[in-house]
Amino acid sequence: MNFDFSEEQQAFLKEVQAFLDANDDPEIFDPTRENMAQIVDTPKRRAIMKEMGRQGWLGMTWPKEYDGQEGEGVYEYLLNEELAGRGGPQIGKGVGIIGKTLIAHGSEFLKEEFLPKILNNEVEFAVGYSEPEAGSDAAAMKLKATEVKGGWVLNGQKTWTTSAHFAEWYWVGARTDPDVPKWNGITLFLVPLPTHPDPPFDISGVTVQGIWTMGDERTNDVFFDDVFVPDEYVVGDLNKGFQYISQALDLERFTMFTYSPVKQRLDLLVDHIRSTERDGVPLKDDPLVRARVAHLAAEAEMARVMGLNVVDATVKSEASGGPPPTIEASEYKLYTTEFSKRLANASMDLGGPGTQLRVKTEDAPMEGRAESTYRYTVLDTIGGGTSEVQKNIISRRGLGLPKAF
Ligand SMILES: Cc1cc2nc3c(=O)[nH]c(=O)nc-3n(C[C@H](O)[C@H](O)[C@H](O)COP(=O)(O)OP(=O)(O)OC[C@H]3O[C@@H](n4cnc5c(N)ncnc54)[C@H](O)[C@@H]3O)c2cc1C
């Protein structure tokens with residue numbers, strides 16, 4: 001397997017780097033928000049993404065028919081990694097999950113309504129699968145959709161919906177048929193959220209309540225109380241929602257858990273080791289410290305290459321019109337997010353007592369990042385499917401082992 005980027009790909013990366021350097025602004029790029037940086041919403045962040053849309057960078061892998069460029073997924077990978085390493089917004093949900101699913105399965109009405117807005121970065125989405133009794137087992141979702149004349153009435157609760165407090169639209173799964181096996185009775189809907197400036201139908205029954213995570217950022221509960229959703233806002237075929245969700249999750253597991261912030265945190269730790277003494281002895285001369293950080297560097301390289309393996313599998317699969325690669329994405333997510341935790345633990349240990357100081361505290365070792373990543377990296381092993389769920393996917397679908405229960 002050849003992991004080198006082509007000359008064209010390297011030229012694209014240089015162009016992206018030059019553009020981001022020219023637009024460097026701490027209000028747009030903030031690595032201290034860790035992976036949650038991708039869901040921070042400010043007017044400046046929306047504006048820079050809009051500018052990237054103008055450059056044609058938001059629909060690089062979309063078909064030309066929908067104003068995309070039919071480029072390979074590696075371009076999206078290069079762009080997203082560069083954005084993530086700087087703590088910027090990313091091309092995530094709109095282009096990936098919602099856009100790609102609408103292109104494959106959406107009605108002409110939904111495509112016309114949403115695809116141009118996604119390419120121009122005029123719309124933000126929140127994704128609602130999880131419920132209090134349906135997280136790892138998303139197919140158990142109960143949000144009830146009852147058919148009425150001209151549409152559906154939604155009642156129930158979602159939880160852990162990231163971005164629902166600022167996104168305009170909700171990509172939400174609901175149970176449309178309770179009498180069939182659970183994964184065959186779910187339908188996807190598009191519903192405006194309370195922050196929508198001009199919702200096309202009444203959403204007074206939608207309520208959003210914040211949940212603050214241990215990683216400092218906000219996620220949300222979302223409640224539906226007799227919310228009528230017209231038929232035009234049903235995504236694809238009735239009762240096929242779970243199949244669409246499963247494919248989109250394969251995408252999410254890769255695109256939303258980037259490698260470059262992990263590498264950036266390893267570099268911070270190595271810089272700290274290079275420049276710090278403990279009890280008069282430079283850390284860099286301590287054989288135990290050296291052994292530990294060398295091990296971490298080897299693991300980081302493993303994570304990088306596993307990411308490239310997903311890109312390679314995606315390019316091959318897209319060329320044959322296939323779905324996103326499931327096993328490779330799960331392997332990458334499992335390994336990289338668990339490694340992130342090991343790296344955060346090591347940063348706390350090797351940084352010494354000052355690492356308990358909070359991020360942005362003056363004189364804190366590693367800019368206070370050890371403490372924040374120690375709390376934050378736990379989230380990445382849960383969101384997008386927990387590590388145990390990834391292990392189940394790898395053992396069943398990758399290794400052909402039987403279902404555990
Ligand atoms: C920061 C953050 C953001 C999120 N954003 C969103 C979002 O925008 N939209 C959305 O829909 N969801 C979102 N989620 C929810 C996330 O997808 C769920 O938290 C996750 O799927 C786990 O579900 P749960 O929390 O209900 O835990 P549970 O499913 O109840 O799991 C509890 C524990 O049991 C283990 N477990 C469960 N089933 C199995 C099994 N079969 N085999 C072995 N172990 C098992 C799990 O690994 C876990 O350790 C977010 C979560 C977090 C933390």
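Residues numbered from 1 in each chain as written. Predicted model: local features only at pLDDT ≥ 70, side-chain atom pairs only at ≥ 80, totals over all residues. Heavy atoms only, no water.

## Re the overall build of the chain
Consideration 1: Counting secondary structure elements, the chain contains 11 helices and 10 strands.
Consideration 2: Compactness check: the chain gives a C-alpha radius of gyration of 22 Å against a globular reference of 22 Å for 405 residues, within 12% of the reference.
Consideration 3: By principal-axis analysis of the C-alpha atoms, the chain measures approximately 80 × 45 × 45 Å.
Consideration 4: Excluding contacts between residues fewer than 6 apart, the proportion of contacts in the chain whose partners are at least 24 apart in sequence is 69%.
Consideration 5: For the chain, the computed accessible surface area is about 18700 Å², with 53% contributed by carbon and sulfur atoms.
Consideration 6: Taken as two groups, the 42 positive and 63 negative side-chain charges of the chain have centres that lie 4 Å from each other. (Helix = DSSP H or I, 4+ residues; strand = E, 2+ residues; numbered from the N terminus. Rg over C-alpha atoms; globule rule 2.2 N^0.38 Å. Contact = heavy atoms within 4.5 Å. Areas by Shrake-Rupley, 256 points an atom, 1.4 Å probe, with all protein chains shown as cover. Lys, Arg positive; Asp, Glu negative; His and termini not counted. Charge placed at Lys NZ, Arg CZ, Asp CG, Glu CD.)

## Some details on the domain arrangement of the chain
Many structure descriptions define interface size as the accessible area lost when the parts assemble.
Consideration 1: Parsing the chain into structural domains produces domain 1 (7–90), domain 2 (126–239) and domain 3 (257–398).
Consideration 2: Taken together, the six residues of domain 1 in the interface contact six residues of domain 2.
Consideration 3: Across the interface of domain 1 and domain 2, roughly 580 Å² is buried in total on both sides, 57% from carbon and sulfur atoms.
Consideration 4: On the domain 1 side of the contact with domain 2, M36, I39 and R46 bury the most area, a combined 73% of that side's loss.
Consideration 5: In this structure, the connection of domain 1 to domain 2 is made through one salt bridge. (Domains from an automatic or database assignment. Buried area = accessible area lost by both parts, 1.4 Å probe. Salt bridge = Lys/Arg side-chain N within 4 Å of Asp/Glu carboxyl O.)

## Side note on the layout of surface pockets
Consideration 1: Estimates place the volume of the second largest pocket at around 650 Å³.
Consideration 2: If you trace the second largest pocket, you find 25 residues lining it, with T61, K100, A104, E318 and G322 closest to the centre.
Consideration 3: When residues in the lining of the second largest pocket are grouped by element, the largest group, six residues, is from helix α4 (residues 92–105).
Consideration 4: Tallied by class, residues from the lining of the second largest pocket come to 12 nonpolar, nine polar and four charged. (1 Å grid on protein atoms, 1.4 Å probe; cavity = no way out; pocket = protein on both sides within 12 Å on 5 of 7 lines; lining within 4 Å. Points joined across faces, edges and corners; volume = space filled by probe spheres on them. Nonpolar A, V, L, I, M, F, W, Y, C, P; charged D, E, K, R; others polar.)

## Structural notes on the site of the ligand
Consideration 1: The full set close to the ligand counts 17 residues, and V127, S136, W160, T386 and E388 are the nearest of them.
Consideration 2: Measuring from an oxygen atom of the ligand, one finds a backbone N or O atom of Y129 at 2.8 Å.
Consideration 3: Here a nitrogen atom of the ligand and a side-chain polar atom of N392 are 3.0 Å apart.
Consideration 4: Of all the secondary structure elements, the ones that give two or more residues to the shell around the ligand are β1 (125–128) and α11 (387–398).
Consideration 5: Its residues assigned to classes, the shell around the ligand shows six nonpolar, 10 polar and one charged.
Consideration 6: Both domains that meet at the shell around the ligand, namely domain 2 (126–239) and domain 3 (257–398), each give it at least three residues. (Near = heavy atom within 4 Å. Polar contact = N/O pair within 3.5 Å; in protein donor to acceptor, adjacent residues only side chain to side chain.)

## Re helix α2 (residues 43–54)
Consideration 1: End to end, α2 covers 16 Å across 12 residues, agreeing with the expected 16 Å (1.5 Å per residue, within 8%).
Consideration 2: Among the residues of α2, R45, R46, I48, M49, M52 and G53 are the ones counted as buried. Buried residues of α2 fall within an arc of 165° about the axis and therefore sit on the same side. Exposed and facing more than 90 degrees away from the buried side of α2 are P43 and R54.
Consideration 3: Against the buried residues of α2 lie α1 (7–22), α3 (73–85) and α5 (108–119). (Expected span 1.5 Å × (residues − 1). Buried < 20%, exposed > 50% of the residue type's maximum accessible area, 1.4 Å probe, protein only. Arc of directions from axis to C-beta.)

## Looking at the pattern of salt bridges
Consideration 1: Per the counting criterion, the structure on display carries 26 salt bridges.
Consideration 2: D25 is the salt-bridge partner of K44, the closest N and O atoms lying 2.7 Å from each other. Highlighted residues: K44 in helix α2 and D25 in the loop between α1 and α2, separated in sequence by 19 residues.
Consideration 3: Residue classification places D25 among the buried positions, given a relative accessible area of 16%.
Consideration 4: Close ionic contact of E301 with R304 constitutes a salt bridge, the shortest N to O distance being 2.8 Å.

## Overview of empty space enclosed by the protein
Vacant regions in the atomic arrangement are exposed by a probe of water-molecule size rolled over the atoms.
Consideration 1: Across all of its chains, the model carries five cavities of 30 Å³ or more by this definition.
Consideration 2: Its volume calculated, the largest cavity comes out at about 310 Å³.
Consideration 3: Around the largest cavity, the lining is made up of 23 residues, and of these Q90, I91, K93, N121 and E124 lie nearest the centre.
Consideration 4: Among the elements of the structure, α2 and α4 are those that each provide at least two residues to the lining of the largest cavity.
Consideration 5: Looking at the lining of the largest cavity, the element that brings in the most residues is α4, giving four residues.

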